[in-house]
Amino acid sequence: MIGKVFQKLPLWAAMVFLAIALVYPLATLAAASLELGSGSFGIDNFVAFFQTPSLFKIFSNSLVLGAVVTAVTTGLAFFPSYAAARTRAFSRGAIYVLCLLPLFAPSFFPSLGLIILLGPQGPWGGLIPGGLIGPWGIVMGEVIYTLPHAVIILTACLRDIDPKLYAAARSLGAGPWRCLLTITLPAAFHGFISSAMVVFLLTITDFGVPKVLGGSYSVLATEVYKQVIGQHNLSMGATISLVMLLPALAAFGMDYLARKRRRHGWAAWAEPAIARKQDLFFTLAGWAVAALPLAVMATAVWSSFISFWPYDLTFTMLNYSFNDSIYGLSPIFNSLKLAMAVSLCGTCLIFTSAYVLERQTVPRLISRAYRLLAIMPMCIPGAALGLAYILAFNHLDGLPDWFYGSMLILVLNSIVHFYSLPHLTSSASLSGLDPNYENVGRTLGRPIWTTFLKVVLPMRIATVLEAAFYLFVSAMTTVSAVVFIYTPDMIPASVASLQASDAGQVAEAAAMGTLIMAASLILRCLIKIWRNIFLPEYENR
Amino acid sequence: MDNFLSLRGLCKAYDDSKKGKLIALDEFSINIAEGCFAALLGPSGSGKSTLLEILAGLTPPDEGRIFFQNRDITCLAPEQRKFSLVFQSYALFPNLTVLDNIAYGLGGPGWNKTSRMNRALELVAVTSLEGLEHRYPHELSGGQQQRTALARALAPHPRLLLLDEPLSALDAQVRRELGLKLRHIQRETGVTTLLVTHDQEEALALSDLVILMEQGKIIQAGSPEEIYSRPNSRFSADFVGHMNTIELPAVNSGRLFGLRYEDVEILIPTEQTLARPEVQVGRVEHCALMGAFYRLEILLNDFSTSIQADVARSADKELLKVGAIVVAAFPSEHRLQLNEL
């Protein structure tokens, strides 16, 4: 009996963790939004929000921007995705990889490149009516930031289409364009919905891009920050961050429905047939889209090596000494520590509890509750989570003083913030294994944990590495939540970079962003090399 | 001997959101003797696999006890039972080689590196897997995977071997060969075996004891000969072998009876044959070569009763033409009096 409880320990630990680090802060946040001062409660804050024209304008700003970015990104993402998944376009692997570049840097990093190229002092500064700073800039910055997410979802969906459908259509005389219209687009419908919703969710909750490119143009995420940090109006901040939850929840719900209705093809992917004209078209279109993140990110990196743009274009390493910042180089080390802690602890907790959830008998009520808790962070805006942590853990009675303002609170916050995706991939990949491995082990006299270590873990080491990598990169690049709870002696690099950009030090901001990206890319390469050397034979299956 | 493995009144029901309670086992009791090869035969959904899981200790029964050598083992954990289970999917560990798969259960006290290796190699020989020791499961054919799973299950000297439809994923030829191989290995090792199958031929050909079950209950248990030649119920007769059910005023005094396809006699209509008692004239509607014999579908001259009959390939070709008029006889010694069951 004790053994049984012990086996399920990871799941219990994860439940306790989510209760303390997710449910409790969110409850505090909800309570704060209803607080009217002097101990009375009511929905007056929400009424005030929607009745104040300036605040309602911000709400509609966010929705309109979200809609525009969603349409543009999803449309653009189709070309590289289709090129990578369903054509023999030249260099389609490179197209795909280039589209993923923005994942490795903070959301606002490409925007620094945009400032260089299209800003008031840039070579093409006059191209945009009304200037880069404002809604146009936000749209462009968000499109590049969200592009990789849309490309990943669409490519996976397009690769899933049964190649026999194309063979059948061709045998009936359909050409490649007719196949595209009659097979690919209908089959990819759910992928479009799914990627559109993810893009929308990312856009309305993003803090970095509007901070860098918004100027006086306010959106919900930046408004929360303004209310809390600028005006110390915590309850209005709480209200706005909960208002932000409404469109986020709607998008999340639609995405959930789209995923649910998606039928998984079990057909193996096959090399597409040659279609010269179409392949050429998608080579060009794919490169045209992939060139966007490449160009702005390369510009941002380049600008970090320039003395004083646009006046003195000589090469320098001076920006990397961060002389204009009071933090110097310390933020990058803070971030590395944070990212490693988040990655290690998060992966252990998430993977082992997904293991218990998927491969041991857990009461249905418990498993449902855990699944719900685990996907919740996906639709919680970072600003809401960050603010919730201030309200919950700042001056909490009985909590040691060192906790608030320590690295630990950033680690907890980041694990919760990025909990959902590793949970979903871990549980999907664990439930994909033959359900009887542990049972075989047991009938042969071997306990469950032996089979976990000898079979399940080696079989799913790729998933574990992906989860660890995702958590590492997310913790390196995140801004929206940690910006509320960092303290100067543990400021993360992404926040330092954003502050530098705010202070007009674009070159130092770019330098810090480049360091973040370099760290992420180096880890990616290490994983890749490690896997190429130790790629176990059974993975060729 | 009778008290080797004894199941007493096992019950198991599952909750089904649509149909309410789903009864998998209903007062299931049987004794299995040491060294016996028993086959649990039944249609899908009859509770066979549930019984295996309960025996292996992976699912607890709702009611009833399991006795092994007179000891109650109902609550014993699977790790302690030493009952090996071969799953339908084999569940071979994809990241381990054939040899490592086989040696998987050889852990804990009493095993060292050499003895593990020796035992694993012994099993490789028994299951004729020589030369494949260092392959991974995905590099094996279906039959080789099956033998690896069997070797893995046999390696730790199980006290009982449980097989869940072990041959169902294989094609017909391999299936026959492996079935015989399985029986051979079982005889050699003497391990008491319980095989679950829905394939009557497999059950009849391999086992000493056939346990026919439906909806969680035992319908009939006995030797293969007994089950085939003396079915105790309509279900037994139908499920094991093929049977016509015939009710004709002029035959068997008008009472319903059953007759196996191969027991129907098909004759050329002559004065002699037509003069025999209780024969019927019919027309061949369909004729199919089944391999060793032909299967005829014959419409009898009441124009509503259609019967099937198996005739030897050496039979008169006149009988095998569609549209041919033939005489069908129903030997009384083979009739199963279904009203009495």
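The model shown is predicted, which means the values in this text are computed figures rather than measured ones.

A. Inspection of the overall build of chain A at higher detail. On a plain count of helices and strands, chain A comes out with 25 helices and two strands. For chain A, whose C-alpha radius of gyration is 24 Å, the value lies close to the compact-globule estimate of 24 Å for 541 residues. The principal-axis extent of the C-alpha atoms belonging to chain A is close to 65 × 60 × 50 Å. Within the span of chain A, comprising 541 residues, buried residues form 55% of the whole.

B. View of the side chain of Asn244(B). Residue and element names in this part refer to chain B. With respect to the secondary-structure elements, Asn 244 resides in strand 11 (residues 243–246). Classification of Asn 244 as buried rests on a relative accessible area of 5%. For Asn 244, the side chain forms a polar contact with the main-chain oxygen of Gln 308, separated by 2.7 Å. Among all residues touching Asn 244, those that are not within four sequence positions of it are Phe 257, Gly 258, Leu 259, Tyr 261, Val 264, Ile 307 and Gln 308.

C. Spotlight on the interface of chain B and chain A. Contacts between the two partners involve 26 residues from chain B and, on the opposite side, 22 residues from chain A. Taking both partners together, chain B and chain A bury about 2,200 Å²; carbon and sulfur atoms supply 63% of that area. On the chain B side of the interface with chain A, the three residues burying the most area are Glu79(B), Asn95(B) and Tyr104(B), jointly 31% of the side's total. Scanning the region where chain B abuts chain A turns up one salt bridge. On inspection of chain B and its partner chain A, the count reaches five residue pairs in polar contact (both at pLDDT 80 or more). Going through the elements one at a time, helix 2 (78–81), strand 6 (83–86) and helix 5 (142–154) of chain B are the ones with two or more residues in the side of chain B that touches chain A. If one sorts the elements of the side of chain B that touches chain A by residue count, strand 6 of chain B sits on top with three residues. Of the residues in the side of chain B that touches chain A, the class split is 16 nonpolar, six polar and four charged.

D. Representation of a nonpolar patch on the surface in the model. All names here are of chain A. On the surface, Val 5, Phe 6, Leu 9 and Trp 12 cluster together into a nonpolar patch covering about 410 Å² of accessible area. The residue Leu 9 is located in helix 2 (residues 9–34) in this model. On the basis of relative accessible area, Leu 9 is assigned to the partly exposed category, the value being 44%.

E. Fine view of the sheet that holds strand 4 (residues 63–68) of chain B. All names here are of chain B. Taken in spatial order, the four strands line up as 2-1-4-5 in an open sheet, and their pairing is antiparallel. Strand pairing shows two members of the sheet lacking a second neighbour, strand 2 (20–32) and strand 5 (71–72), which therefore form its edges. Inspection of the sheet shows strand 1 (residues 5–16) paired to strand 4 by five bridges, in the antiparallel sense. Looking at strand 4, one finds that Leu 7 is bridged to Ile 66. Along the sheet, helix 1 (residues 48–56) contacts strand 1, strand 2 and strand 4; its crossing angle with strand 1, the most-contacted strand, is approximately 120°.

F. Summary view of the side chain of Ser501(A). Secondary-structure assignment places Ser501(A) in helix 24 (residues 493–502). Contacts of Ser501(A), omitting those with residues within four sequence positions, involve Leu112(A), Val212(A) and Ala509(A).

Rules behind the numbers
Residues numbered from 1 in each chain as written. Chains lettered and ligands numbered in written order. Predicted model: local features only at pLDDT ≥ 70, side-chain atom pairs only at ≥ 80, totals over all residues. Heavy atoms only, no water. Helix = DSSP H or I, 4+ residues; strand = E, 2+ residues; numbered from the N terminus. Rg over C-alpha atoms; globule rule 2.2 N^0.38 Å. Buried < 20%, exposed > 50% of the residue type's maximum accessible area, 1.4 Å probe, protein only. Polar contact = N/O pair within 3.5 Å; in protein donor to acceptor, adjacent residues only side chain to side chain. Contact = heavy atoms within 4.5 Å. Buried area = accessible area lost by both parts, 1.4 Å probe. Salt bridge = Lys/Arg side-chain N within 4 Å of Asp/Glu carboxyl O. Nonpolar A, V, L, I, M, F, W, Y, C, P; charged D, E, K, R; others polar. Patch = residues over 30% accessible without salt bridge, like charges linked within 9 Å, V, L, I, M, F, W, Y side chains within 5 Å. Areas by Shrake-Rupley, 256 points an atom, 1.4 Å probe, with all protein chains shown as cover. Pairing = 2+ DSSP bridges. Axes fitted to C-alpha atoms, helices over the stretch in contact; angles between N-to-C directions.

That is the geometry; function is a separate question.
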